[in-house]
Amino acid sequence: MSGLDKKTGKTVERPGEGAAGFSKNGFILAAIGSSVGLGNMWKFPYITGENGGAAFFLLFILCLVVVGLPILLAEMTIGRGGRGNASSSLFNLTNKKHWKWFGLISIITAFLIMSYYSVVAGWTLHYMIQSFAGALSDVNMDYAGAFLGFAGGYMPIFWSALVMAITGFVIAKGVSGGIEKFNKILIPGFLILLLIMMVRALTLPGAMEGAEFFLKPDFSKLNEESVLIALGHSFFSLSLGMGCMLTYGSYVRKDQSLGKATLAIGAGDLLYAFIAGLVIFPTVFAYGMEPSSGVGLAFIALPAAFAQMPLGFLFGGVFFLLLAIAALTSAVSILEVPVAYAMEQWKWSRKKTATIMATLAFLLGVPSALSVEGADGPLSNVLLFGKTIFDLFDFSTSYILMPVGGLIITLFTGYAWKRAGEEAGLTGGIYRTWMFLLRYVCPLLIILIFLYSVGVLKFS
Ligand code: PFF
């Protein structure tokens, strides 16, 4: 059996996965691939711009350090110590049944996230191809109308199916032969292309205005709400609270330093978000576009800006290629959570599990694909709890289930599992600080995010 050796109390290798797990660098790259996603590429730059630029960036770093990194380390430590999936690892380390059920919540969360994340990932593939083909090069095109027309039609179903097929294929190839290889090729390539895009963006006439919008610290724009936004985003950005880093952690070698990995992943996530901001804002400002929010920024304002840029079809295409890579490497990590669970639980083969899970997540995503708000899609008018299906999946996972999953991890590591420090390789002051953060600071802040998200806590 995997997990805890009953006689020695020590954790044992996960059968079958030991040899086929991550190499040291492969793990870091795969974890960075998971954390760097759609969240970094358009959400982070936008919320930074709106919340005081560099002031918010500093706040985000603080949230990453105080909440994000301790939970990231906790997740990876549980995975490596428990040598199981996001549910069985908790059980293996305590032998208590209820932890298995708590762990199950994060597996369901991952499955739900996968269903709509693949829809947005699909949009990026469509926009990449359209851009390379020159179909987005007309300066007079109505980019808002084009996006809403596309997102409101049936084509997104095809694109999300393609995303699921790619994701399922990578996962079916295994941890080292699939997930690691995929990230090892894409993540360094991603950085090179992103840097080229940054140089292009920063050398546009008028680019500095955009860089200023992103980087000029304006502490007067920071308020309680900014703190919660920064906290919530540090969570989403590091892929926490849904068993993802835990599952990846279960494939990590015993001689890998999890502390160093935590720092590398945190730094990687910040770096990619920072450079993405230096691509997006200079581009948008150079062509007089509004730095509008979320979906609108990436799929409306930016295509309109690229249309005006010399060789815009190429730069626009590369931009959407980057979004697609970011989304796919994250999607792989999300789907691996239910796949690892089903493989262990029902003893299915990896291929069979990947196929079944990708298909199920795809089917679950179809209602999301057809219900984008404002796009007048076939299901856009169906409202549940006052939200479209797409928004309901997004809201319930990002603001309710992920914080709950994070809380479970902090309580488990802080109170239930006594040997976390040993597995994480932490001693002395660093260990005590980690425990202090996990026991008191993180749970409190997560509960605040939660109360704020569900509207119980309001700031006027
Ligand atoms: N971290 C990803 C992003 O910033 O887009 C999203 C994500 C990936 C969330 C994996 C959760 C997850 F498990």
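About the cut-offs
Residues numbered from 1 in each chain as written. Predicted model: local features only at pLDDT ≥ 70, side-chain atom pairs only at ≥ 80, totals over all residues. Heavy atoms only, no water. Helix = DSSP H or I, 4+ residues; strand = E, 2+ residues; numbered from the N terminus. Buried < 20%, exposed > 50% of the residue type's maximum accessible area, 1.4 Å probe, protein only. Lys, Arg positive; Asp, Glu negative; His and termini not counted. Charge placed at Lys NZ, Arg CZ, Asp CG, Glu CD. Near = heavy atom within 4 Å. Polar contact = N/O pair within 3.5 Å; in protein donor to acceptor, adjacent residues only side chain to side chain. 1 Å grid on protein atoms, 1.4 Å probe; cavity = no way out; pocket = protein on both sides within 12 Å on 5 of 7 lines; lining within 4 Å. Sits in = over half its atoms within 2 Å of the grid points. Nonpolar A, V, L, I, M, F, W, Y, C, P; charged D, E, K, R; others polar. Phe/Tyr/Trp six-rings, centres within 6.5 Å; stacked < 30°, edge-to-face > 60°. Expected span 1.5 Å × (residues − 1). pLDDT = per-residue confidence, 0-100. Contact = heavy atoms within 4.5 Å. Bend = angle between axes of the 7 residues up to and from the residue. Salt bridge = Lys/Arg side-chain N within 4 Å of Asp/Glu carboxyl O. Points joined across faces, edges and corners; volume = space filled by probe spheres on them. Axes fitted to C-alpha atoms, helices over the stretch in contact; angles between N-to-C directions. Parallel < 35°, antiparallel > 145°, perpendicular 65-115°, else oblique. Patch = residues over 30% accessible without salt bridge, like charges linked within 9 Å, V, L, I, M, F, W, Y side chains within 5 Å. Areas by Shrake-Rupley, 256 points an atom, 1.4 Å probe, with all protein chains shown as cover. Left-handed = near helix turned anticlockwise from the far one by under 90°.

Considerations on the overall build of the chain
Right, so step 1: Tallying secondary structure elements over the chain gives 18 helices and 2 strands in all.
Right, so step 2: Expressed as a percentage of the 460 residues in the chain, the buried residues total 58%.
Right, so step 3: The chain carries 30 positive and 24 negative side-chain charges, and their two centres are separated by 16 Å.

Focus on the site of the ligand
Right, so step 1: As a structural note, the neighbourhood of the ligand is formed by 16 residues, with Leu 38, Gly 39, Tyr 117, Phe 236 and Met 242 the closest of them.
Right, so step 2: Measuring from an oxygen atom of the ligand, one finds a side-chain N or O atom of Tyr 117 at 2.8 Å.
Right, so step 3: Between a nitrogen atom of the ligand and a side-chain N or O atom of Ser 239, the distance comes to 3.1 Å.
Right, so step 4: In this structure the site holding the ligand corresponds to the largest cavity.
Right, so step 5: Counted by class, the shell around the ligand contains 7 nonpolar, 9 polar and no charged residues.

Quick word on the packing of aromatic side chains
Right, so step 1: Counted according to the given criterion, the structure contains 33 aromatic pairs.
Right, so step 2: With 5.3 Å between their ring centres and 20° between their planes, Phe 57 and Phe 274 make a pair best called stacked. A residue pair is termed long-range when its members are at least 10 positions apart, and Phe 57 in helix 3 (residues 54-82) and Phe 274 in helix 12 (residues 258-286) qualify at 217 residues.
Right, so step 3: Residue Phe 274 is classed as partly exposed on the basis of its relative accessible area, which comes to 26%.
Right, so step 4: Through pairs of rings, three or more aromatic residues link up here, namely Tyr 116, Trp 123, Tyr 127, Phe 147, Phe 150, Phe 299, Phe 306, Phe 319, Phe 320 and Phe 390.

Topic: helix 5 (residues 97-132)
Right, so step 1: For helix 5, which comprises 36 residues, the first-to-last C-alpha distance of 53 Å matches the rise-based estimate of 52 Å (1.5 Å per residue) to within 8%.
Right, so step 2: With 26 of 36 residues buried, helix 5 is to be regarded as a mostly interior element.
Right, so step 3: Gly 134, located one to two residues past helix 5, shows a positive phi value of around 85°.

Observations regarding the confidence of the model for the chain
Right, so step 1: Confidence along the chain averages 91 in pLDDT terms, with 95% of residues attaining 70 or more.
Right, so step 2: In this model residues 15-19 is a low-confidence stretch, pLDDT under 50, and it forms 6 contacts with partners more than four residues away in sequence or in other chains.

Things to note about unusual backbone geometry
Right, so step 1: Phi at Ser 239 takes a positive value of approximately 60°, unusual for a residue other than glycine.
Right, so step 2: Since its relative accessible area comes to 9%, Ser 239 is described here as buried.
Right, so step 3: Phi is positive for Leu 311, which is not a glycine, with a value near 55°.
Right, so step 4: Residue position: Leu 311 is located in the loop between helix 13 (294-308) and helix 14 (312-346).

Quick word on helix 18 (residues 428-453)
Right, so step 1: With 26 residues, helix 18 extends 36 Å from end C-alpha to end C-alpha; this agrees with the ideal 38 Å at 1.5 Å per step.
Right, so step 2: Within helix 18, the axis deviates most sharply at Leu 438, by approximately 40°.
Right, so step 3: Every buried residue of helix 18 is listed here: Trp 434, Met 435, Leu 437, Leu 438, Cys 442, Pro 443, Ile 446, Ile 449 and Ser 453.
Right, so step 4: In the stretch just after helix 18, Gly 455 is the one whose phi turns positive, near 90°.

What to know about the pattern of salt bridges
If charged atoms from side chains of opposite charge come close, those side chains can pair.
Right, so step 1: Tallied over the full model, the rule gives 7 salt bridges.
Right, so step 2: Ionic pairing is found between Lys 254 and Glu 423, a salt bridge with its closest N-O pair at 3.3 Å. With Lys 254 in the loop between helix 11 (244-249) and helix 12 and Glu 423 in helix 17 (residues 420-424), this pair connects stretches of sequence that are 169 residues apart.
Right, so step 3: Within the structure, one salt-bridge network assembled from shared partners comprises Lys 24, Arg 253 and Asp 255.

Overview of the environment of Phe 362
Right, so step 1: Of note, Phe 362 is situated in helix 15 (residues 350-369).
Right, so step 2: Linking Phe 362 and Val 163, residues 199 residues apart in sequence, is a C-alpha distance of 8.9 Å.
Right, so step 3: Leave out the neighbours within four places in its chain, and Phe 362 touches Ile 157, Ser 160, Ala 161 and Met 164.

Points about empty space enclosed by the protein
Over the atoms rolls a probe the size of a water molecule, and its path tells where empty space is left.
Right, so step 1: Per the stated rule, a full pass over the model turns up 4 cavities of 30 Å³ or more.
Right, so step 2: As a volume, the largest cavity reaches approximately 130 Å³.
Right, so step 3: Lining the largest cavity are 16 residues; nearest its centre among them are Ser 34, Tyr 117, Phe 236, Ser 239 and Ile 334.
Right, so step 4: Across the lining of the largest cavity, the residue classes break down as 7 nonpolar, 9 polar and no charged.
Right, so step 5: Each pocket or cavity is described by its volume, and for the second largest cavity that value is around 60 Å³.
Right, so step 6: In terms of lining, the second largest cavity is formed by Ala 86, Leu 90, Phe 102, Gly 103, Ser 106, Gly 241, Gly 243, Leu 246, Gly 405, Ile 408 and Ile 409.
Right, so step 7: Taken together, the elements giving at least two residues each to the lining of the second largest cavity come down to helix 5 and helix 16 (389-416).

Considering the packing of helix 2 (residues 38-50) against helix 14
Right, so step 1: As a packed pair, helix 2 and helix 14 sit with axes 7 Å apart at the nearest point and diverge in direction by 120°. Taken together, the axes of helix 2 and helix 14 lie oblique to each other. Where helix 2 abuts helix 14, its residues Leu 38, Met 41 and Trp 42 lie against Phe 319, Leu 322, Leu 323, Ala 326 and Ala 327.
Right, so step 2: Split by residue class, the contact of helix 2 with helix 14 holds 8 nonpolar, no polar and no charged.

Examining a nonpolar patch on the surface
Right, so step 1: Together, Phe 132, Leu 311, Phe 313 and Leu 314 make up a nonpolar patch on the protein surface, roughly 340 Å² of accessible area in all.
Right, so step 2: Positionally, Phe 313 belongs in helix 14.
Right, so step 3: Classification of Phe 313 as partly exposed rests on a relative accessible area of 34%.

Topic: the side chain of Thr 353
Right, so step 1: Counting through the fold element by element, Thr 353 comes out in helix 15.
Right, so step 2: Here Ser 349 takes part through its backbone oxygen, which lies 2.5 Å from a polar atom of the side chain of Thr 353.
Right, so step 3: If sequence neighbours within four positions are ignored, Thr 353 has contacts with Val 339, Ala 342, Met 343 and Trp 348.

Considerations on the packing of helix 14 against helix 15
Right, so step 1: The geometry of helix 14 relative to helix 15 is characterised by a closest axis approach of 9 Å and an angle of 130° between their N-to-C directions. Put simply, helix 14 runs oblique to helix 15. As helix 14 runs across helix 15, the sense of the crossing is right-handed. In this structure, helix 14 contributes Leu 335, Glu 336, Pro 338, Val 339, Ala 342 and Met 343 to the contact, and helix 15 contributes Arg 350, Thr 353, Ala 354, Met 357, Ala 358 and Ala 361.

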